[in-house]
Amino acid sequence: MKKYLSFAAGAFGHDAFYNTLSLYFVMFVTSQLFATSDQAFNTRMIGYVTILMTIIRVVEIAFDPMIGGAVDNTSTRWGKFKPWLLIGTLTASVMLALIFSSFGGLATNKPMLYLVLFGIAFLTLDVFYSFSDIALWSMLPALSMDSKERTRFGTVSRFGSTLGAQSVIIIIVPAVTLISGFFGASAGQQNQMGWLGYAVIVGLLASVGAIVLAKNVKEDQNLIRANVEHTRFRDVFKVIAGNDQLMWLALSYFLFAFSYVINNSLLLYYFRYVLGHAEAYALVGIITSILGVISVAIFPSLAVKISRKFVYIGGIGLMFIGFVIFAFAGTNLTMALIAASVIFFPYPLIFLATLMTISDLVEYGQLKSGKRNEAVTLSVRPLIDKLAGAFSNGIVGVVAIGAGMTGNAKPGDITSSGLFQFKAFMFYGPMVLLVISALIFLWKVTLTEEKHADVIKQLRKKLTNDAAATDNKE
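The structure presented is a predicted model; accordingly, all values stated were derived computationally and were not measured. (Residues numbered from 1 in each chain as written. Predicted model: local features only at pLDDT ≥ 70, side-chain atom pairs only at ≥ 80, totals over all residues. Heavy atoms only, no water.)

**Notes on the side chain of Asn243**
With respect to the secondary-structure elements, Asn243 resides in the loop between helix H11 (236-241) and helix H12 (244-265). What makes Asn243 buried here is its relative accessible area of 3%. Within the structure, Asn243 has its side chain in polar contact with the backbone oxygen of Leu361 (distance 3.3 Å). (Helix = DSSP H or I, 4+ residues; strand = E, 2+ residues; numbered from the N terminus. Buried < 20%, exposed > 50% of the residue type's maximum accessible area, 1.4 Å probe, protein only. Polar contact = N/O pair within 3.5 Å; in protein donor to acceptor, adjacent residues only side chain to side chain.)

Structural data, given as structure tokens:
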């Protein structure tokens with residue numbers, strides 16, 4: 001229980017960090033950082049920042065498998081995951097506070113210098129967050145060989161991460177507003193210091209969670225995990241490409257993640273600039289936190305009754321219905337809340353089905369290649385999440401500018417063409433991606449829980465025979 005709760009604590013702070021960065025940094029940039037009286041300057045700088053972020057994240061993402069290789073090749077008395085988890089989280093937390101600032105006014109006084117410093121800080125954040133992200137989730141297949149026990153660890157960790165991610169939604173507006181008031185903002189208004197203070201709190205949460213996890217969770221040692229060889233950096237992409245099931249799962253999950261993240265990233269814009277009720281956005285966090293707990297709690301029994309495969313496909317079907325409701329919600333707050341709830345409820349289920357399947361793909365790849373690559377294999381899931389987030393950040397900035405949803409614009413200022421463009425990106429495009437994602441998973445991802453159990457048996461037999469053969473030669 002101590003291990004389960006500690007893993008949940010680490011995941012809580014980890015996902016609170018991720019949601020703050022992925023969902024709200026662009027909102028800070030568009031509503032606070034560049035909200036001067038010079039609209040042309042604001043638009044230009046918002047464009048520069050979003051393009052810079054997208055380029056950095058896409059380029060850095062290509063190195064994620066190499067980061068996984070570095071983790072796999074690590075050997076310390078604390079294990080191979082904990083050092084990277086701690087170093088990555090602590091460094092990324094410092095960088096989070098930096099990017100949620102104007103760098104001492106440079107953003108408007110010396111914008112080109114600001115862009116250089118921002119680029120360095122964001123690149124540092126992205127690289128070290130990748131180390132902590134890959135180290136955290138790569139621990140799952142190292143904790144047990146049994147799919148059921150992995151499911152318990154995955155469920156508990158997702159419970160923590162769901163609460164962490166959704167708590168951000170609940171408190172982001174009131175917390176930033178409250179902290180802003182301490183630094184001179186008028187009642188109900190926000191300023192840059194409010195956002196900076198909030199980023200510092202999130203960084204502290206992530207750091208404390210990582211320390212608790214590292215102190216109380218240990219890796220399992222067994223025959224299968226002992227079959228580890230150092231992976232050369234030039235071979236990490238071969239490891240991924242050689243795992244056919246991993247490649248199909250990655251494609252399906254990317255389409256799903258991109259559709260979900262872009263909708264979620266535009267949600268606060270919807271409440272602020274379409275509904276005109278930014279304060280009601282906290283209700284989304286409250287509702288989805290409750291639904292997230294329920295969703296995570298029922299995953300183990302659902303996975304047993306209908307299998308992970310149909311949890312994944314059924315979850316996408318339910319999410320599609322939520323998008324349809326949202327597309328017709330208009331300015332109806334109740335319908336918008338219902339739609340957001342229906343879209344969110346299956347998300348933890350789909351995430352867990354993906355995470356558990358990728359964890360089982362470690363042994364599948366080990367049987368095929370003869371080498372065990374835990375972190376390299378598990379690096380694919382965070383790689384996809386970050387890739388989806390990178391594209392989403394770039395698109396959100398473009399959509400916000402194109403729809404006129406910047407600065408202190410009001411719902412009445414948004415034109416019909418701007419609203420249609422906004423809805424096309426928030427609803428219609430993601431619906432198409434969801435359908436394609438479900439079809440790929442249905443037809444191409446074939447590793448079931450039963451097949452994984454058979455893979456484990458084959459691995460044990462092979463490794464036992466190899467060990468016996470070696471002893472006979474000696």
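The rest of the description comes next.
**With respect to the pattern of salt bridges**
Proximity of charged atoms lets side chains of opposite charge pair with each other. Inspection of every chain in the model, using the stated rule, returns 13 salt bridges. Arg381 is paired through a salt bridge with Asp133; the nearest N and O atoms lie 4.0 Å apart. In this pair, Arg381 is assigned in helix H18 (residues 380-403) and Asp133 in helix H6 (residues 111-138), connecting sequence segments 248 residues apart. With a relative accessible area of 4%, Asp133 lands in the buried category. (Salt bridge = Lys/Arg side-chain N within 4 Å of Asp/Glu carboxyl O.)

**Focus on the confidence of the model for the protein**
Summing up the model confidence of the protein, the mean pLDDT is 88 and the portion of residues at 70 or higher is 96%. The secondary structure element of the protein with the lowest average pLDDT is helix H10 (residues 223-226), at 68, and the one with the highest is helix H4 (residues 82-99), at 96. (pLDDT = per-residue confidence, 0-100.)

**A closer look at the packing of aromatic side chains**
Within this structure, the stated rule accounts for 40 aromatic pairs. Consider the rings of Trp137 and Phe351, whose centres lie 5.7 Å apart with planes at 70°: the pair is edge-to-face. Taken as a pair, Trp137 in helix H6 and Phe351 in helix H16 (residues 347-369) lie far apart in primary sequence, 214 residues in all. Neither Trp137 nor Phe351 differs from the other in exposure class; each is buried. Here the aromatic rings of Phe271 and Tyr281 are separated by 5.8 Å at their centres, their planes lie at 70°, and the arrangement is edge-to-face. Residue Phe271 is located in helix H13 (residues 267-275), and its partner Tyr281 is located in helix H14 (residues 281-327); the two are separated by 10 residues in the primary sequence. Note on accessibility: Phe271 and Tyr281 belong to one class, buried. Among the aromatic residues, ring-to-ring pairing joins Tyr4, Phe7, Trp137, Phe153, Tyr253, Phe256, Tyr260, Tyr312, Phe344, Tyr347, Phe351 and Phe441 into one connected group. (Phe/Tyr/Trp six-rings, centres within 6.5 Å; stacked < 30°, edge-to-face > 60°.)

**Observations regarding the packing of helix H1 (residues 2-33) against helix H2 (residues 39-61)**
The geometry of H1 relative to H2 is characterised by a closest axis approach of 10 Å and an angle of 155° between their N-to-C directions. In terms of orientation, H1 and H2 fall into the roughly antiparallel class. Helix-helix and strand crossings are classified by hand; for H1 and H2 the assignment is right-handed. Along the contact surface, H1 presents Leu21, Ser22, Phe25, Val26, Val29 and Thr30, while H2 presents Ile46, Val49, Met53 and Arg57. The residue makeup of the contact of H1 with H2, split by class, is 7 nonpolar, 2 polar and 1 charged. (Axes fitted to C-alpha atoms, helices over the stretch in contact; angles between N-to-C directions. Parallel < 35°, antiparallel > 145°, perpendicular 65-115°, else oblique. Left-handed = near helix turned anticlockwise from the far one by under 90°. Contact = heavy atoms within 4.5 Å. Nonpolar A, V, L, I, M, F, W, Y, C, P; charged D, E, K, R; others polar.)

**As for the packing of helix H8 (residues 147-182) against helix H9 (residues 192-216)**
Running from N to C, H8 and H9 point in directions that differ by 130°, and their axes come no closer than 7 Å. It follows from the interaxial angle that H8 and H9 lie oblique. Like other packed secondary-structure pairs, H8 and H9 cross with a definite hand, here right-handed. Across the interface between the two elements, Val168, Ile171, Ile172, Ala175, Val176, Ile179 and Ser180 from H8 touch Met193, Gly194, Trp195, Gly197, Tyr198 and Ile201 from H9. The residue makeup of the contact of H8 with H9, split by class, is 10 nonpolar, 3 polar and no charged.

**Focus on H2**
Taking 1.5 Å as the rise per residue, H2 with 23 residues should run 33 Å; its terminal C-alpha atoms sit 33 Å apart, in good agreement. Here H2 starts with a cap whose side-chain oxygen sits 3.3 Å from the backbone nitrogen of Ala40, and that cap is Asp38. (Expected span 1.5 Å × (residues − 1).)

**Considering H1**
The largest bend in H1 is about 50°, located at Tyr24. H1 sits mainly inside the fold: 27 of its 32 residues count as buried. (Bend = angle between axes of the 7 residues up to and from the residue.)

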